[in-house]
Amino acid sequence: MLSPADSLAPEWLVEPDDANDLADGVWPASAIRDADGALVLAGLSATDLAQTYGTPLLVIDEDEVRTRARAFRSAFDKAAADHGTTAQVYYAGKAFLCTTIARWVVDEGLRVDVCTGGELEVALAAGVAPAAIGFHGNNKSTAELQRAVDVGVGSIIVDSDIEIERLSAITARTGAVQRVFVRVISGVHAETHDFLATAHEDQKFGFPLPEAERAVARIREIPGLDFAGLHCHIGSQIFGVAGFRESASRVLELHATLLESGPVPQLNLGGGFGIAYTRIDDPTPIDELAAEIVAAVAQGCDARGIAVPALSFEPGRAIVGTAGVTLYEVGTTKDVTVESGAVRRYISVDGGMSDNARPALYGAQFSARLASRVGDGSPQLSRVVGKHCESGDIVVDHEYLPDDLVPGDLLAVPATGAYCVSLASNYNHVPRPPVIAVRDGESRVIVRGETIDDLLARDAGIDGGHVSDRSRPSTSEGAR
């Protein structure tokens, strides 16, 4: 017989024997509990980190990022070599880009892709070699394209006829030769949220396959453009390889046709590899992903009697997502009884949709655990919500947490390294939290937390632009 709480729980959520456990694969490899029961990340307790830097606080495990970056590079290098070709791995900067992250992934042998002029400037400020940068975007301005050509960006992924003509004019004026890929829509639908699926026909990215041949022909006419190959990305948070296999097969048909009129040196199959946000998520291991995707390309080439091209891939979330853990302080708790008689506990924390928009934007599911101690209570169905004036301000929609959780406890939400910083806002004039890196028992700020002064500095109505010394509320100076 179901309990009242069970009637509110989704089918996939299983009540744990221990509401304090840390599910394998959801947390960074360094995550453990110390003798006092506090969550420890890279040798540092969540309690100490919160006291030093304040909450909310995004903690990034440096070794987790580096290990995953190395794993992708190694897996695709091996898979490509097994089929007589080479592979390049780009870190998809939109997942989370700051100068420190960019330097880590470049240290591990990756390139970086960006999709706006701002992301390009961050990569350049980090010291990323322009030749190792790929530039995406469906509406790159003339100024952005000019900047990319001027600094010598390694490749620009063109998305429209207008962009081709903009680049034609820029290269004619400057005398530069710019390497470009053509983004195509394979028509393969990723099994994901509609806003995360980018290979169906009715959307803003790329050229449909029937139109791409014409776009390539135009590029080949332009002296200042060097056609490097085709690019395709089927979506995000994808498990398994079936979608990649089918997409590669369709794109290879065009690739083979284009070879009849000129070289097609490279094939970029994008990224979108998924991670575990909850204990039921089962992402495909990196080695298996690489081996099966590259094998599918090799088989498709063999069937068409063509050579296997050089390959490129663009993981982002799968490198940085699991490395991130967000710490919050619990402010209030409230038990809500619904019409069926079922009870759900609402746990309000000192952040919310301004630091993690994914649940509100995509209906994304996350996990949570008590971080400052081990709870002694029984598992209780809970919903973690933020402090914003929105009923949709949900951080974790469904989770079992100890029923003795109280205001002042620390709560940790894992797998927040990707897209949380990128999508962060100042909704309700809430300052964005700091980001710290942890490694070998040491921590440092890699993105400064905002203060109230930062928010008010943009308000032109303040007399003379002067702002009094107001700082972001925090538990210590470390959060500033």
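So, here is what we can say about the structure in this document. Everything numeric here is computed off the predicted structure, so don't read it as measured data.

Turning our eyes to something else, we now look at helix H4 (residues 117-125). Those residues of H4 lying buried are Gly 117, Glu 119, Leu 120 and Ala 123. Summarising the axial view, the buried residues of H4 lie within an arc of 160°, below the 170-degree limit, and thus occupy one face. Looking at the buried side of H4, the elements it contacts are strand E6 (111-114), strand E7 (133-135) and helix H5 (142-151). Immediately downstream of H4, the backbone of Gly 127 shows phi near 90°, a positive value.

Attention now moves to the pattern of salt bridges. Overall, the coordinates contain 27 salt bridges when judged by the stated rule. With a shortest N-O distance of 2.8 Å, Arg 218 and Glu 165 are connected by a salt bridge. Residue Arg 218 is located in helix H7 (residues 209-221), and its partner Glu 165 is located in helix H6 (residues 161-174); the two are separated by 53 residues in the primary sequence. The class of Glu 165 is partly exposed, set by a relative accessible area of 36%. A salt bridge links Arg 432 to Glu 450; the shortest N-O distance between them is 2.7 Å. Here Arg 432 is found in the loop between strand E19 (410-414) and strand E20 (435-439), whereas its partner Glu 450 is found in the loop between strand E21 (442-447) and helix H12 (452-457), with 18 residues between them in sequence.

Scanning all chains against the criterion turns up 6 aromatic pairs. Taking the centre distance of 6.3 Å and the plane angle of 15° together, the rings of Phe 72 and Phe 76 count as stacked. Linking Phe 72 with Phe 76, this pair stays in helix H2 (residues 62-82), spanning 4 residues, or about one helical turn. The exposure class assigned to Phe 76 is buried, which follows from its relative accessible area of 0%. Grouped by ring-pair contacts, the aromatic residues Phe 72, Phe 76, Phe 244, Phe 273 and Phe 313 constitute a single cluster.

Rules of the game
Residues numbered from 1 in each chain as written. Predicted model: local features only at pLDDT ≥ 70, side-chain atom pairs only at ≥ 80, totals over all residues. Heavy atoms only, no water. Buried < 20%, exposed > 50% of the residue type's maximum accessible area, 1.4 Å probe, protein only. Helix = DSSP H or I, 4+ residues; strand = E, 2+ residues; numbered from the N terminus. Arc of directions from axis to C-beta. Contact = heavy atoms within 4.5 Å. Salt bridge = Lys/Arg side-chain N within 4 Å of Asp/Glu carboxyl O. Phe/Tyr/Trp six-rings, centres within 6.5 Å; stacked < 30°, edge-to-face > 60°.

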